[in-house]
Amino acid sequence: MGAAKIKKGDEVVVLSGKDKGRTGTVSQVLPKEGKVLVEGINVMARHRKPSQENPQGGIDRIPAPLAIAKVAVADPKDGKPTRVRFEERDGKKVRVAVKSGETIDG
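One numbering rule holds for all chains: residues counted from 1, following each sequence as written. With pLDDT at 70 or above as the cut-off, local features in this predicted model cover only qualifying residues; side-chain atom pairs require 80 or more to be listed or tallied, and sums for whole chains, interfaces and linings still use all residues. Water and hydrogen atoms play no part in the side-chain values, which are based on all heavy atoms of the structure.

Engineer: What is the right way to read the overall build of the chain from this model?
Structural biologist: Helix and strand counts for the chain come out as 0 helices and 10 strands. The order of α-helices and β-strands along the chain, N terminus first, is β-β-β-β-β-β-β-β-β-β. Over its C-alpha atoms the chain spans a radius of gyration of 17 Å, topping by over 25% the 13 Å that the globule rule assigns to 106 residues. Expressed along its principal axes, the backbone C-alpha trace of the chain runs to roughly 55 × 25 × 20 Å. Exposure is judged per residue with a 1.4 Å probe applied to protein chains only, and the accessible area is read against the type maximum: over 50% gives exposed, under 20% gives buried, and values in between give partly exposed. Scored against the burial criterion, the 106 residues of the chain give a buried share of 26%. We call two residues in contact when some of their heavy atoms are within 4.5 Å. Taking the contacts inside the chain whose residues are at least 6 apart along the sequence as the reference set, 37% of them involve residues at least 24 apart. Working note: accessible area of the chain is about 7,300 Å², and carbon and sulfur atoms make up 49% of it. Under this rule, positive means Lys or Arg and negative means Asp or Glu; His and the chain ends count for nothing. Charged side chains are reduced to one point each, which is NZ for Lys, CZ for Arg, CG for Asp and CD for Glu. Counting 22 positive and 14 negative side-chain charges, the chain places the centres of these two groups 6 Å from one another. Each helix is a run of DSSP H or I of at least 4 residues and each strand a run of E of at least 2, with the numbering of both proceeding from the N terminus. Each radius of gyration is computed over the set of C-alpha atoms, and the globule rule expresses the reference value as 2.2 Å times the number of residues to the power 0.38. The accessible surface values rely on the Shrake-Rupley method and a 1.4 Å probe; as for residues, cover is taken only from the protein chains in view.

What follows is the structure, given as structure tokens:
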């Protein structure tokens, strides 16, 4: 597998689905499943019965994984979705936003 175009901590824009247009930070990448977890995006409500550990029960809201194809890295310049390419700058391989040419990694 090649280098990852989307990494943990990236600011991403959702391209399709109920959260289309919203932005969030990637909290986890699941490369084997081709999915990402984005904070506050694709949140699902899980109804829990009262149990020994959780005597109150109630509704747990947890983010569900989202297909990598449904998100794009937010351009560091204007925050709009952009594709990512790799370039070598100062002898280091870095990720670059296709639209603006800005570097994504520090």
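Engineer: Please explain unusual backbone geometry as it appears in this structure.
Structural biologist: Backbone geometry follows two general trends: most residues other than glycine have a negative phi, and most peptide bonds adopt the trans configuration. Even without being glycine, N42 reaches a positive phi, approximately 55 degrees. When you line up the elements, N42 lands in the loop between strand 3 (35-38) and strand 4 (43-48). With a phi angle near 55 degrees, D90 is a residue other than glycine that sits in the positive phi range. With respect to the secondary-structure elements, D90 resides in the loop between strand 9 (84-89) and strand 10 (92-97). For D90, a relative accessible area of 82% gives the class exposed.

Engineer: What is the right way to look at the pairing of strand 1 (residues 11-14) in this model?
Structural biologist: Along any regular strand, the residues point their side chains to alternate faces of the sheet. Summarising the sheet, strand 1 and strand 2 (residues 23-30) pair through 3 bridges and their orientation is antiparallel. Each bridged residue has a counterpart across the sheet, and for E11 the counterpart in strand 2 is T25. Two strands qualify as a pair provided DSSP detects at least 2 bridges between them. The pairing of strand 1 with strand 7 (residues 71-74) spans 3 bridges and is antiparallel. Across the sheet, V13 pairs through a bridge with A72, a residue of strand 7.

Engineer: Hey, could you run me through the pattern of salt bridges in this one?
Structural biologist: Side chains bearing opposite charge may pair, as long as their charged atoms lie close to each other. The salt bridge definition used is simple: a Lys or Arg side-chain nitrogen within 4 Å of an Asp or Glu carboxyl oxygen. For the coordinates displayed, the defined rule picks out 5 salt bridges. The residue E87 makes a salt bridge to R85 at a minimum N-O spacing of 2.8 Å. Owing to a relative accessible area of 24%, E87 belongs among the partly exposed residues under this scheme. A salt bridge links E87 to R89; its shortest N-O distance comes to 3.0 Å.

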